[in-house]
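Per-entry structural report
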Amino acid sequence: MTAAWASSSGNGLRHEPIRPLNSIVVDAEKVALGERLFHETRLSADQSISCAHCHILSEGGADGLPTSFGIGGNKGVMNSPTVYNAALNIAQFWDGRAKTLEDQIDGPLHAEAEMGSNWPAVITLLHADKSYKTAFDKLYDEGISEQSVKNAIAEFERSLITLNSRFDQYLLGDERAINDEEKKGYALFKGFGCVACHQGENVGGNLYQSMGVMADYFASYDHEGKHDYGRFNVTGKVTDIHRFKVPSLRMVTLTAPYFHDGKAKTLEDAIRDMGKYQLGLSISDAEIASIIAFLATLRGEHHKLDRGN
Ligand code: HEC
Ligand code: HEC
């Protein structure tokens, strides 16, 4: 595309539309407390469901379902995105309705199809547990509060950066970190124009874009819900109907099914649909295979990924 996007020939950081990940400085004790809260079922009304129920850390940080279900088997309408690298997104949720990771937590905590609880109930339950009281009193002046619970969970999420992917090694100058097939996939990814939307550190997460730039994605829907309006629900602007936050592709080989509605079962389907609806292109099976080979090189490392939930 622009000259700045061309590969550099020497060693060192390549000038590419995708940038390598950097870790975020976090407080280790708050991260440990947040990790415990992330797995805490007492955050839900019937004390059966934790954040990890829908964001399984050993499986890429999503739940593998088209749409998630919460307490009492209540089924939601949205696909669970990964929590890995979410700290890098411009905002949280498919429509970006939460500005920060802290704000995002109000969503699942209250949603009937998720945890169906409320802050007074959660604070009471945590207060009753001495180990929480001690941990919070040590780290936060106010002890256990809505703000401190949110801050600890968000701090844990800020630690979920997947460093050292093979693609980042390549960006940092290691020519052999990715093979020829993977390079071909990256060339296609740039050549087709995927990078116009999926770019930057998180290979997405920094723009809002229409779902259906070149063809009407929602034409085949028999029933379109409010949640399919995307960004419009936040801004009220007609031009934001069907616009979504472009998802990060860093963990994408692990988080099928795809799209806000979970309707693309496989990565092959999602890429084919992206060609059709976003670019007006028919992408061949061989090209899709190369793009998948490239996308797999974006998966970085994190001890939670390797050692389980
Ligand atoms: C019942 C399943 C469920 C539970 C429980 C749940 N989530 Fe989610 N999470 C989702 C779904 C579905 C979305 C997308 C919803 C939307 O965009 O409207 C989401 C979105 C997110 C996002 C935004 C990611 C992005 O890229 O936009 C973060 C961060 C997140 N959840 C963290 C949490 C935390 C922290 C908890 C616990 C307090 C939690 N979730 C509990 C299903 C769940
Ligand atoms: C015009 C912007 C745009 C372009 C160009 C684009 N995408 Fe997307 N992509 C999006 C948006 C927006 C979504 C979310 C759509 C939804 O959920 O309804 C998305 C979703 C995806 C997903 C699903 C991710 C997930 O977690 O659900 C994949 C995979 C993907 N894109 C790959 C590609 C590839 C490969 C290309 C090039 C062939 C491409 N995209 C081109 C904007 C774009």
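Computed from a predicted structure; not experimentally measured.

Parameters and conventions
Chains are numbered independently. Their residues run from 1 in the order of the written sequence. Chain labels run from A onward and ligand labels from 1 onward, assigned in the order the entries are written. Residues qualify for local features only when their pLDDT is at least 70, as the model is predicted, and side-chain atom pairs are given and counted only at 80 or more; totals for whole chains, interfaces and linings, by contrast, use all residues. To get the side-chain values, all heavy atoms of the structure are used, and hydrogens and water are removed first. Only DSSP runs of H or I reaching four residues or more are called helices, and only runs of E reaching two or more are called strands; each is numbered from the N terminus. It is over C-alpha atoms that the radius of gyration is taken, and the globule rule equals 2.2 Å times the number of residues to the power 0.38. Only protein chains enter the accessibility calculation, which uses a 1.4 Å probe; a residue whose area is less than 20% of its type maximum is buried, one above 50% is exposed, and one in between is partly exposed. We call two residues contacting when some pair of their heavy atoms lies within 4.5 Å. In short, Shrake-Rupley with a 1.4 Å probe defines the accessible areas, and a residue's cover is counted only from the protein chains shown. In summary, the charge assignment counts Lys and Arg as positive and Asp and Glu as negative, without counting His or the chain termini. The atom standing in for a charge is NZ when the residue is Lys, CZ when it is Arg, CG when it is Asp and CD when it is Glu. Throughout this document, a residue counts as near a molecule or strand when at least one of its heavy atoms sits within 4 Å of that molecule or strand. Each polar contact in these results corresponds to two N or O atoms within 3.5 Å; when the atoms are within protein, one needs to be able to donate a hydrogen and the other to accept it, and residues that are neighboring in sequence are counted only if both atoms are side-chain atoms. All residues other than Ala, Val, Leu, Ile, Met, Phe, Trp, Tyr, Cys, Pro, Asp, Glu, Lys and Arg, Gly among them, are scored as polar; the first ten of these are nonpolar and the last four charged. With water excluded from the atoms, a metal site may look incomplete; its donors are any N, O or S atoms within 2.8 Å, or within 3.2 Å for Na, K and Ca. The axes are straight lines fitted to the C-alpha atoms, using for helices just the contacting stretch, and the angles between their N-to-C directions are given from 0 to 180°. Should an angle fall under 35 degrees it is called roughly parallel, over 145 degrees roughly antiparallel, and 65 to 115 degrees roughly perpendicular, with every other angle called oblique. Throughout, the edges of the domains are those of an automatic or database domain assignment. Buried area is calculated as the accessible area (1.4 Å probe) missing from two parts once they are joined, with the contributions of both summed. The term salt bridge refers to a pairing of a side-chain nitrogen on Lys or Arg with a carboxyl oxygen on Asp or Glu at a separation within 4 Å. Under this scheme a four-donor centre is tetrahedral when all angles range from 85 to 135 degrees, a four-donor centre is square planar and a six-donor centre octahedral when opposite donors are above 155 degrees with the rest from 65 to 115, and any other centre is irregular. A pair of Phe, Tyr and Trp rings is counted when the ring centres sit within 6.5 Å of each other, with Trp represented by its six-membered ring. The angle between the planes then sorts it: under 30 degrees is stacked, over 60 is edge-to-face, the rest tilted. Counting as a charge over the ring demands two things of the Lys NZ or Arg CZ atom: a distance within 6 Å of the ring centre and an angle within 35 degrees of the ring normal.

Once that is clear, we can look at the overall build of the chain. When helices and strands are tallied, the chain shows 12 helices and two strands. Ordered by position from the N terminus, the helices and strands of the chain form the series α-α-α-α-α-α-α-α-β-α-β-α-α-α. Rg of the C-alpha trace for the chain: 20 Å, near the compact-globule value of 19 Å for 309 residues, within the 12% margin. Burial analysis of the chain (309 residues in total) assigns 51% to the buried set. When contacts within the chain are restricted to residue pairs at least 6 apart in sequence, those whose partners lie at least 24 apart make up 65%. Element-wise, carbon and sulfur atoms account for 53% of the exposed surface of the chain, whose accessible area totals about 14300 Å². Placing the 31 positive and 41 negative side-chain charges of the chain at their respective mean positions leaves the two points 2 Å apart.

Around ligand 1, a shell composed of 28 residues is seen, among which Cys51, Cys54, His55, Phe93 and Lys245 lie nearest. Here Gln104 contributes a side-chain N or O atom positioned 3.0 Å from a nitrogen atom of ligand 1. Of all elements in the fold, only α2 (101-104) and α6 (146-158) reach the threshold of two or more residues within the shell around ligand 1. Here the residues of the shell around ligand 1 are counted per class, giving 15 nonpolar, nine polar and four charged.

Once that is clear, we can look at the coordination of the iron atom of ligand 1. Looking at the protein side alone, the iron atom of ligand 1 has one donor only, His55 (NE2), at 2.1 Å. By secondary structure assignment, the location of His55 is in the loop between α1 (28-38) and α2.

Closest axis-to-axis distance for the helix α8 (residues 180-191)/helix α11 (residues 285-296) pair is 7 Å, and the angle between their directions is 105°. Classified by the interaxial angle, the pair formed by α8 and α11 is roughly perpendicular. Contact residues: α8 offers Glu181, Glu182, Lys184, Gly185, Tyr186, Leu188 and Phe189, while α11 offers Glu287, Ala289, Ser290, Ile291, Ala293, Phe294 and Leu295. Of the residues belonging to the contact of α8 with α11, the class tally is eight nonpolar, two polar and four charged.

What follows is about the side chain of Glu155. Relative to the helices and strands, Glu155 resides in helix α6. Other than its neighbours up to four places away in sequence, Glu155 contacts Val25, Val26, Asp27, Lys30 and Val31.

What follows deals with the domain arrangement of the chain. Looking at the chain, the domain boundaries give domain 1 (3-21 + 163-307) and domain 2 (28-158). For domain 1 and domain 2, the distance between their C-alpha centroids amounts to 26 Å. Contact residues are listed per partner, giving 28 residues for domain 1 and 27 residues for domain 2. Both faces combined, the contact of domain 1 with domain 2 buries some 2300 Å², and carbon together with sulfur accounts for 60% of it. There are one salt bridge connecting domain 1 and domain 2. When the shortest N-O distance is used, the salt bridge between Lys304 and Glu35 registers 2.6 Å.

For the iron atom of ligand 2, every protein donor is listed as His198 (NE2) and Met274 (SD), and the spread of their distances is 2.1 to 2.2 Å. What the six donor atoms of the iron atom of ligand 2 show is an angle range of 87 to 179° at the metal, which sorts the shape as octahedral. Of the two residues, His198 sits in the loop between α8 and β1 (208-210) while Met274 sits in helix α10 (residues 267-279), which places them 76 residues apart along the sequence.

What follows concerns the site of ligand 2. Close contacts around ligand 2 come from 23 residues, with Cys194, Cys197, His198, His260 and Met274 the closest. The backbone of His260 places a nitrogen or oxygen atom 2.7 Å from an oxygen atom of ligand 2. A class-by-class count of the residues in the shell around ligand 2 yields 18 nonpolar, five polar and no charged.

Moving on, we get to the packing of aromatic side chains. One pass over the structure, following the stated rule, counts 14 aromatic pairs. What links up through ring pairs into an aromatic cluster is the set Phe167, Tyr170, Tyr186, Phe189 and Phe294. Here Arg36 stacks its cationic end above the ring of Tyr132, 3.8 Å away from the centre of that ring. We note Arg97 situated over the ring of Phe93; from NZ or CZ to the ring centre the distance is 3.7 Å.

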